[in-house]
Structures are given as C-alpha cells and as structure tokens.
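Inside the fold
Listed below, chain by chain, are the residues.
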Amino acid sequence: MPSVTAPATILVTGANGFIAAHCVADLLKNGFAVVATARTEAKVLTTFFMHKHHPKLSVELVPDITAPGCFDEAIKNCDAVLHLAAPFGYSYSNFEKELLIPSIQGTLAICESAQKTPSVKRVVLTSSFASVYDASKGLQPEKTYTEEDWAPLTYEDGKNAAITPIAYRASKVLAEKTAWDFVKKNDVKWDLVTLCPGMVFGRLIEGTINNLKSLNTSNGIVWSLFGAKDIPDTKAPIWTSVTALAAAHTKALTTPEASNQRFLITNGEYDFQEIADILHASSLLPQEVKERIPIGSPGKRLSKTHYKVDNSKASRILGIEGPTLDDTVIELVQQLLSYEKAQAQ
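Everything quoted here is computed from the prediction, not taken from an experiment. (Residues numbered from 1 in each chain as written. Predicted model: local features only at pLDDT ≥ 70, side-chain atom pairs only at ≥ 80, totals over all residues. Heavy atoms only, no water.)

Things to note about the packing of aromatic side chains
Rule in force here: Only centres within 6.5 Å qualify two rings of Phe, Tyr or Trp (six-membered ring in Trp) as a pair; their planes then separate them into stacked at under 30 degrees, edge-to-face at over 60, and tilted for everything else. Secondary structure elements follow DSSP: runs of H or I no shorter than four residues count as helices, runs of E no shorter than two count as strands, and numbering proceeds from the N terminus. Exposed residues in this analysis have more than 50% of their type's maximum accessible area, buried residues have under 20%, and partly exposed residues fall in between, with area computed by a 1.4 Å probe over protein chains only. Whether a charge sits over a ring depends on NZ of Lys or CZ of Arg being within 6 Å of the ring centre and within 35 degrees of the ring normal.
Evaluation of the coordinates by the stated rule reveals 10 aromatic pairs. Ring centres 4.9 Å apart and planes at 45° place the aromatic pair Y133 and Y307 in the tilted group. One end of the pair, Y133, is in the loop between β5 (122-126) and β6 (144-145); the other, Y307, is in the loop between α9 (287-290) and β12 (308-309), and 174 residues separate them in sequence. Y133 gets classed as buried once you look at its relative accessible area, which sits at 14%. Taken together, F129, Y133, Y145 and Y307 form an aromatic cluster joined through their ring pairs. Here the basic side chain of K143 rests over the ring of Y145, its NZ or CZ set 5.1 Å away from the ring centre. For the cation-ring pair, R262 lies above W150, with the distance from its terminal atom to the ring centre recorded as 3.5 Å.

Structure follows, in structure tokens:
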C-alpha cells in the first residue's frame, strides 16, 4: 500500500487531547493539512487556539464517537487518519459504558468511515503498551516484550474488573484487535498501522488544559510527586516522549514499510525514584521547589526487577529518536510550575 506525503489531508480524531495536540502540531509543521475532530463546541475552539488558527487546520464537531457514521462527514476527502479519540484515566464508575464501549465502538466507527471513503490510504491507530503487557504474569525480569505480544484480557475481564487498570488494559487491547479484525474481515483499500507507547510524558501544547486539575493522567503521575510524603509506587515503568510519539505518527503515515505493521514506541525505562533524583539534581529548579519533592532512596532503581521492551522495530523502520528522560521531565515540571503560579495569582 502507498504511504501518504504532504500536502495530504489527515483526519485526527480527539484532537484536543494531550498526545493528539502534539500530532496535529507535527503534521502542520511538516506541511500536511489537518481535519481535527472534537466532542464539544468549546473543544473545537480550544483546538483552533492551540494551533493559532493555522490556515491548514479545520475542526469538525463529533459529539459521540460511538455513533455509527459519526466520522463520515469529517473524513470526506481525507487521505489518511490518525485515530486518537479514546478514554484514558483511572476514575470510572462503569467500565463497560465509560471505557470498553467508547474504545471499541470508536475504533469500529473510524474503520467503517474509512471503508466508505475512497481517498483514504492509511489509518494509524494509537494503541498502548497496555495492549501488549500481560499483567497476570507479574514483573518477569527475564521477559522482553515485542510487537508479537498481546494482553490476554477479554471483554468480560474489562467489564467485571476489580480495578481500573485492568479495565483500561482490556479497552486498549480490544480496541486494537477491533481494527485488525476489521482489516482481516473486509476488503479494505487502506492499510493499518498501530502504535503502542508506554507512559507518555512531556510538555503540553499551550491551551491543552486550563488548570492543573485537568492535567492528563500520565503527566499527572510526575506532578503527583509534588507534596508526596514518600516516593509513590511506579505505574507501568516504560515511558515514551510525547514529541517522539507525535513524530512516530507522522512517520507511520509517510513510511511505506510501515504498512500493516504494529510498533512499540518507547524511549526507555523509568521509575518514580529516578524522576525524583532528576528533579533534585537539576540546576534549573529552585531549592524551594525541590523541598516539595520526597528524597526517597537516591540512586535506587527498579530497572532489573521488571520486564524490558524491545523497540528496535520502530527504530529501524520509523527512525524514531527522542529526548532524554531528564530533559523531558524538567521541561514538563517547569511548565506545570508556571501553570501553578498563574493559577495562584
């Protein structure tokens, strides 16, 4: 299948989200036209604001991503799709209604709309390491995860999960399988690429949030160190730079060899102690800021106590490189501190 190059028009769903906003910015920077979708009129306006009303950006209102045909209008004349609209977080009261159905039906809706649109050549789905990782087997220090691995969770596992992380992982693996199953069962004229990042860290595009209470889940993990009495337990010790991930989305569109491939997009391992050490060692943060962060056990790392991830496929085919964890965390914290200061005024 052919790849897609600028000045092609790309549909980006859920465009006001943390990752999607970076994807839109990267596409516009590289000469693509973007049709973005957002769920409310307020988010439509926010999306325009985030990208300074770029002349190659248009935004369509799609209130319900589970509705059949919901993307039919937005996708008209588009050459490819980045599908990022999906729930992500840890606070849900009904896993089936709030996680499983939006994730699965949203993916099915975009596949069906692409199938109706002759101009579409490629669909890129943002999945997650959550769809790769088998939590039932524990930390497995001897295990190296690759694109061949799949989380074994079922719909019933997600619906009846005792805790949110299980339901979330189920939603991601079921959504990704929905896309691959669609390709297998239908005579599609487009090809599929799925990207599986770890915990995504990085600065936000200005305008993504209006207060720290709206901070996305992954960056919120870094911010949770501030005011903590002790170093918290690390969640999912594999991280991805948001700028590297945005670049991976663009490369997934433009690289012929990415056709019908699944990629792990990761930048390395991390743990909370490492992040705390980075912040305490930085000359860019004042002492009064560092005093809000627990010291813990400096130098202690989890790296040899858990699984590893092989990201060589993405490096080889997509050529993705990213910033260091140090630079990523420091830049993010500086931004969040500026938001905190602005809120206090």
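What follows continues from the structure just given.
Observations concerning the layout of surface pockets
So the rule is basically this: Only protein atoms enter the calculation, which uses a 1 Å grid: trapped sets of points that fit a 1.4 Å probe without letting it out are cavities, open sets showing protein on both sides within 12 Å along at least five of seven lines are pockets, and any residue with an atom within 4 Å of a point is a lining residue. Grid points are joined across faces, edges and corners, and a volume is the space filled by probe spheres set on the points. Charged means Asp, Glu, Lys or Arg here, nonpolar means Ala, Val, Leu, Ile, Met, Phe, Trp, Tyr, Cys or Pro, and polar covers whatever is left, Gly included.
Here the second largest pocket is characterised by a volume of approximately 200 Å³. Lining the second largest pocket are I231, P232, D233, T234, D271, F272, Q273, G296, S297, K300, R301 and L302. Here the lining of the second largest pocket is composed, by residue class, of four nonpolar, four polar and four charged.

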